[in-house]
Amino acid sequence: MQIGVETAKAVDQRRVFVVDQDEITRAALQFMLHDEIEAHELATPEEAYAKGVDWLKPDVVLLGAAFLAERGVGLVGDLLRAFPGVRVLIVCAKAEEALALQALAAGAHGALVKPLSLADVRRKVDTVLGRAGGAALVQLA
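Residues numbered from 1 in each chain as written. Predicted model: local features only at pLDDT ≥ 70, side-chain atom pairs only at ≥ 80, totals over all residues. Heavy atoms only, no water.

### Here we look at helix α2 (residues 23-33)
Put simply, the rule is: When accessible area is computed with a 1.4 Å probe and restricted to protein chains, residues below 20% of their type maximum are described as buried, those above 50% as exposed, and intermediate ones as partly exposed. In DSSP terms, a helix is any run of H or I states spanning at least four residues, a strand is any run of E spanning at least two, and both are numbered starting from the N terminus. The arc in question is formed by the directions pointing from the helix axis toward the C-beta atoms. Contact criterion: two residues are considered in contact whenever any of their non-hydrogen atoms come within 4.5 Å of each other.
Inspection of α2 places T25, R26, L29, M32 and L33 among the buried residues, and these make up the whole buried set. Buried residues along α2 cover an arc of 135 degrees about the axis, so they all sit on one side. Counted as exposed and oriented over 90 degrees from the buried face of α2: E23, I24 and F31. In this fold, the buried residues of α2 make contact with β1 (15-19), β2 (38-42), β3 (60-64), β4 (87-92) and α7 (118-129).

### Focus: the pairing of β1
Counted only if it meets this: A pair of strands is considered paired only if DSSP assigns at least 2 bridges between the two. By convention, orient the strands away from the viewer: a clockwise path from the first strand over the helix to the second makes the crossover right-handed.
β1 sits mainly inside the fold: five of its five residues count as buried. The sheet contact formed by β1 and β2 spans five bridges and is parallel. Residue pairing across strands places R15 opposite E38, the latter belonging to β2. You can see the chain leave β1, run along α2 and come back into β2, and the turn it takes is right-handed.

### Notes on the nonpolar core
Note that soluble globular proteins tend to have their nonpolar side chains buried in a common cluster. The condition is simple: The set of buried Ala, Val, Leu, Ile, Met, Phe, Trp, Tyr and Cys residues whose side-chain atoms join them within 4.5 Å is what this entry labels a nonpolar core.
With 24 residues, the main nonpolar core has F17, V19, V61, L63, L68, V88 and I90 as its most contacted residues. Mapped by element, the contributors of at least two residues to this core are β1, β3, α4 (65-71), α5 (74-82), β4, α6 (97-105) and β5 (110-113). Among all residues touching F17, those that are not within four sequence positions of it are H40, L42, A48, K51, G52, L56, P58, V60, V61, L62 and F83. By size, the runner-up hydrophobic cluster in this structure holds 16 residues, among which are V60, V121, V125 and L129.

### Let's talk about the packing of α2 against α7
The axes of two packed helices give the description: the angle between them and the distance between them. Test applied: To get an axis, fit a line to the C-alpha atoms, keeping to the stretch in contact for a helix; angles then go from 0 to 180 degrees between the N-to-C directions. Any angle between 65 and 115 degrees counts as roughly perpendicular, while under 35 counts as roughly parallel, over 145 as roughly antiparallel, and the rest as oblique. Three classes are used: nonpolar for Ala, Val, Leu, Ile, Met, Phe, Trp, Tyr, Cys and Pro, charged for Asp, Glu, Lys and Arg, and polar for all others, with Gly counted as polar.
For the pair α2 and α7, the least separation of the axes is 9 Å and the interaxial angle reads 70 degrees. By the angle between their directions, the pair α2 and α7 is classed as roughly perpendicular. The segment α2 lies against α7, with L29, M32 and L33 engaging L118, V121, R122 and V125. Taken together, the residues of the contact of α2 with α7 sort by class into six nonpolar, no polar and one charged.

### A short note on the environment of A119
Relative to the helices and strands, A119 resides in helix α7. In sequence terms A119 and M32 are 87 residues apart; their C-alpha atoms lie 8.6 Å from each other.

### Looking at the sheet that holds β4
Across the sheet, which stays open at both edges, the five strands sit in the order β2-β1-β3-β4-β5 with parallel pairing between neighbours. Two strands close off the open sheet at either side, each with one partner strand: β2 and β5. On average, each strand axis in the sheet is inclined to that of its neighbour by 20 degrees, with strand direction left out of account.

### Some details on the confidence of the model for the chain
We count it as follows: pLDDT expresses how confident the predictor is about each individual residue, on a scale running from 0 to 100.
Across the chain, the average pLDDT comes to 88, with 84% of residues at 70 or higher. Across residues 1-5, where pLDDT falls below 50, the model places seven contacts with residues more than four positions away in sequence or in other chains. In the model, residues 136-141 has pLDDT below 50 throughout and makes 21 contacts with residues more than four positions away in sequence or in other chains.

Right, here's the structure in full:
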């Protein structure tokens, strides 16, 4: 366990799927979360659907906005149907904020706007999980 990690959160048995086309973003988000939550890196939504069978269902999906641009905001609804009760956060750059807003209208629960920071990512994930230390979910222009 690292300094500054809350033990109660580390043993909370919550799971996050980080689904992003960008390998660096996936790795960074997984690294930011892994001390306090079980986090899995997945390159496609299909990998998430395959991994999320039976007991390995996610509590939160961090979804890269590139998938929304490529497949449409209906992908949010697909995730919500595949994983009942899941919370979806869109990971986007400033230039993708309009797309993130469309995803929110389609059922996403919030957005993480790049540049990402450890404190912001953990705080927003805590918020959608209903854990202490939560923050505003969306900070879009």
